[in-house]
Amino acid sequence: MSHQGTDDPSELGDLEPGTRQREQLRSRVQNIALTALVVVLLLWGIWSTVGLIRGESGWAYCAVAWILLAVALYVRLLSSRRRNRLDETT
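It should be emphasised that the depicted structure is a prediction, and the values quoted were computed from it without experimental measurement.

Examining the overall build of the chain
Looking only at helices and strands, one finds 2 helices and 0 strands in the chain. Split into buried and exposed, the 90 residues of the chain put 13% on the buried side. Put simply, of all contacts in the chain between residues at least 6 apart along the chain, 49% involve residues at least 24 apart. Summing over all exposed atoms, the chain offers an accessible surface of approximately 7700 Å²; the carbon and sulfur share of this is 62%.

Take a look at the structure:
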């Protein structure tokens, strides 16, 4: 069995500016970055809440962590809606 003349489906294709693959790559990298940010902020929020309960940290750390998490989740929601709208138009 030889695979002459067939393209490997795992290849990304051309990543030239303006191509669909380039836009998908950019979208995927943004998705990974936002997911990592949400996870870090969630862990920080939990850690600061536990510290607040134990009396080890101030309430400001806890409030900032949860506010930043809310903003990151909102941005993630907006970006996924935008991506879905763009996918429907193409």
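Considering a nonpolar patch on the surface
A grouping of Ile67, Val71, Tyr74, Val75 and Leu78 is seen on the molecular surface, where their side chains present a nonpolar patch of about 470 Å² in accessible area. Secondary-structure assignment places Leu78 in helix α2 (residues 59-89).

Topic: the side chain of Ser48
Relative to the helices and strands, Ser48 resides in helix α1 (residues 20-54). Once you skip the residues sitting within four places of it in the chain, Ser48 turns out to touch Ser57, Tyr61, Cys62 and Ala65.

Thoughts on the environment of Thr35
Within the secondary structure, Thr35 is located in helix α1. Under the relative-accessibility criterion, Thr35 is labelled partly exposed at 32%. Along the sequence, Thr35 and Arg76 sit 41 residues apart, while their C-alpha atoms lie 8.1 Å from each other. Within polar-contact distance, the side chain of Thr35 engages the side chain of Arg76 at 3.2 Å.

Quick look at the environment of Val75
Relative to the assigned elements, Val75 resides in helix α2. Taking C-alpha positions, Val75 is 8.4 Å from Leu34, a pair spaced 41 residues apart along the chain.

Side note on the side chain of Asn31
With respect to the helices and strands, Asn31 occurs in helix α1. Its relative accessible area of 17% is what places Asn31 among the buried residues. Beyond its immediate chain neighbours, meaning those up to four positions away, Asn31 contacts Arg76 and Arg83.

The rules behind the values
- Residues numbered from 1 in each chain as written.
- Predicted model: local features only at pLDDT ≥ 70, side-chain atom pairs only at ≥ 80, totals over all residues.
- Heavy atoms only, no water.
- Helix = DSSP H or I, 4+ residues; strand = E, 2+ residues; numbered from the N terminus.
- Buried < 20%, exposed > 50% of the residue type's maximum accessible area, 1.4 Å probe, protein only.
- Contact = heavy atoms within 4.5 Å.
- Areas by Shrake-Rupley, 256 points an atom, 1.4 Å probe, with all protein chains shown as cover.
- Patch = residues over 30% accessible without salt bridge, like charges linked within 9 Å, V, L, I, M, F, W, Y side chains within 5 Å.
- Salt bridge = Lys/Arg side-chain N within 4 Å of Asp/Glu carboxyl O.
- Polar contact = N/O pair within 3.5 Å; in protein donor to acceptor, adjacent residues only side chain to side chain.

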